[in-house]
Amino acid sequence: MIDDADGPLAAQLRPYAERAARGKRRSADVARFLLDLDASVDALAADLRTRAYRPGLGRFFRVADPKPRSIYALPFRDRVAQHFLIDRTLAAIERGLAPQTFACREGKGTHRGLARAAELARRARYVLRIDVRRFFASVDHALLRRMLLAVTPVSLRWLSDVFFDLPREVERADFAFPGDDLFTAITRPHGLPIGSLTSQIWANLFLAPIDHLLASALGLGSFVRYCDDLLVYDDDPGRLTAALHRIEARALSLRLRLHPTKTRLHRTTDPVPFLGFVIQRRGDAVSIRLKHDNVAAMRLRITRLRVLFAAGAVDVDAVRARVHAWLAHAAHGHTRRLLEHEAERWVFALRD
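Report follows, based on the coordinates. A quick note: this is a predicted structure, and the numbers were derived from the prediction, not measured.

Quick look at the sheet that holds strand 6 (residues 264-267) now. Taken in spatial order, the four strands line up as 4-5-3-6 in an open sheet, and their pairing is antiparallel. In this open sheet, the two strands that pair with only one neighbour each are strand 4 (223-226) and strand 6. Between one strand axis and the next, the sheet turns through 20° on average, direction left out of account. Pairing geometry for strand 3 (residues 126-131) and strand 6, over four bridges, is antiparallel. Each bridged residue has a counterpart across the sheet, and for Tyr126 the counterpart in strand 6 is Arg267.

It is worth spelling out the state of the cysteines at this point. By the definition in use, this model includes zero disulfides. Cysteine Cys104 remains unbridged, with the sulfur of Cys227 as its closest cysteine sulfur at 7.3 Å.

Our focus in this paragraph is a nonpolar patch on the surface. Residues Leu182, Phe183 and Ile186 make up a contiguous nonpolar surface patch of about 400 Å² in total accessible area. On the accessibility criterion, Phe183 (55% relative accessible area) is exposed.

In the structure shown here, the tally under the stated rule is five aromatic pairs. Between Phe33 and Phe76, the aromatic rings sit 5.2 Å apart at their centres with planes inclined by 75°, giving edge-to-face as the arrangement. Residue Phe33 is found in helix 2 (residues 28-35), and its partner Phe76 is found in helix 4 (residues 76-95); the two are separated by 43 residues along the sequence. When sorted by exposure, Phe33 lands in the same class as Phe76, which is buried. Judged by centre distance (5.3 Å) and plane angle (65°), the ring pair of Phe135 and Phe136 falls under edge-to-face. Assigned by exposure class, Phe135 and Phe136 land together as buried. One Lys or Arg, Arg145, reaches over the ring of Phe164 and ends 4.3 Å from the middle of that ring.

A few words now on the packing of helix 4 against helix 8 (residues 157-164). Taken N-terminus to C-terminus, the directions of helix 4 and helix 8 make an angle of 135°; their axes are 11 Å apart at the nearest point. Judged by the inter-axis angle, helix 4 sits oblique to helix 8. Handedness of the helix 4/helix 8 crossing: left-handed. Within the contact between the two elements, helix 4 uses Asp78, Ala81, Gln82, Phe84 and Leu85 and helix 8 uses Leu159, Ser160 and Phe163.

Before going further, it helps to spend a moment on helix 12 (residues 237-253). With 17 residues, helix 12 extends 25 Å from end C-alpha to end C-alpha; this agrees with the ideal 24 Å at 1.5 Å per step. Buried residues along helix 12 sit in contact with strand 3, helix 11 (208-217), strand 5 (229-234) and strand 6. The opening residue of helix 12 is Asp236, an N-cap whose side-chain oxygen sits 2.9 Å from the backbone nitrogen of Gly238. Positive backbone phi, approximately 60°, marks Arg255, located one or two places after helix 12.

For the rest of this paragraph, the subject is the environment of Val151. Topologically, Val151 is positioned in the loop between helix 7 (141-149) and helix 8. Residue class for Val151 comes out buried when judged on its relative accessible area of 12%. Residues Val151 and His324, spaced 173 residues apart in sequence, show a C-alpha to C-alpha distance of 38 Å. Among all residues touching Val151, those that are not within four sequence positions of it are Thr89, Ala92, Ile93 and Leu205.

This part takes up the pattern of salt bridges. Where charged atoms from two side chains of opposite charge approach closely, those side chains can pair. In this structure the tally under the stated criterion is 14 salt bridges. Residues Glu94 and Arg105 are paired through a salt bridge, measuring 2.7 Å at the closest nitrogen-oxygen approach. One end of the pair, Glu94, is in helix 4; the other, Arg105, is in the loop between helix 4 and helix 5 (110-123), with 11 residues separating them in the sequence. According to the relative accessible area criterion, Glu94 is partly exposed, its value standing at 25%. Owing to a relative accessible area of 12%, Arg105 belongs among the buried residues under this scheme. The closest approach of N and O atoms between Arg239 and Asp234, which form a salt bridge, is 3.2 Å. Overall, Asp234 belongs to the buried group, its relative accessible area being 15%.

So, how was this worked out
- Residues numbered from 1 in each chain as written.
- Predicted model: local features only at pLDDT ≥ 70, side-chain atom pairs only at ≥ 80, totals over all residues.
- Heavy atoms only, no water.
- Pairing = 2+ DSSP bridges.
- Helix = DSSP H or I, 4+ residues; strand = E, 2+ residues; numbered from the N terminus.
- Axes fitted to C-alpha atoms, helices over the stretch in contact; angles between N-to-C directions.
- Disulfide = S-S within 2.5 Å.
- Patch = residues over 30% accessible without salt bridge, like charges linked within 9 Å, V, L, I, M, F, W, Y side chains within 5 Å.
- Areas by Shrake-Rupley, 256 points an atom, 1.4 Å probe, with all protein chains shown as cover.
- Salt bridge = Lys/Arg side-chain N within 4 Å of Asp/Glu carboxyl O.
- Buried < 20%, exposed > 50% of the residue type's maximum accessible area, 1.4 Å probe, protein only.
- Phe/Tyr/Trp six-rings, centres within 6.5 Å; stacked < 30°, edge-to-face > 60°.
- Lys NZ or Arg CZ within 6 Å of the ring centre and 35° of its normal.
- Parallel < 35°, antiparallel > 145°, perpendicular 65-115°, else oblique.
- Left-handed = near helix turned anticlockwise from the far one by under 90°.
- Contact = heavy atoms within 4.5 Å.
- Expected span 1.5 Å × (residues − 1).
- Polar contact = N/O pair within 3.5 Å; in protein donor to acceptor, adjacent residues only side chain to side chain.

Pasting the structure below:
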């Protein structure tokens, strides 16, 4: 049973509903839940208290930006339940994370991770780029469940299992590992759906052993990790090469494989992609440029937005919000000239 030590459970759920609804209030699913918020949270609280809660049918869709992926979206009611679960476990999860990991953490995030990587590139001569091959599709359920036991209250472990056992259509990553038989890759549960709140937070926890290997066992604290993208900086290429072998071994113990081409040692004077940008040391300075495919994707989004606006499908406020959001993201790189050039082509007009 979930107790009410912090007050009635329904009252506890209200802030999670409001948090999950941010930026999504126009969605019909969200609007239905919020239409009678008291009744909605009361019903959800009753199901959680009695363990009768079961998620609804999620929705899968494909996106191509920045690369083709399958995204899984739960109904809004279930996203509220996920916010509740994560909030009750996040403090314990955070205690197990190294300060060098930036994904989905308060006070961290994409742009601070990018700034930290640029700062380290300015100081070091070499960088080891690590990329986990098909990471979300590979996450092993048995290993992750074991990690979550240490951070999940006993009264909520059943709810964690509910989200583990959701019907899913995640992409397969049927890699074989030492000790496997012919059917292990098929029969051993693995994979987390991209787009789920639990997946984002649990993915951080799953790779924490690699962070601690670097910072504690190897004494290489000069690194930045954003989910499965990892940059490790040092002046000694031999030390980084040795670290790669240890990282690869630790990844195998987690039933993960490193990407064979994206994982490699670079000079910091080489262009190194990270978080949609390219970082490159130039003397005492560091250049941060948008990746070419991100610029191409931006141009395509602007073209589509112009068509929608011309047809009256989106209003001025929606156009302004989307354009400003992208500009704010791009501004974290050295992109002033690029944006000035692109903005000349951003003309929005209604059809006559």
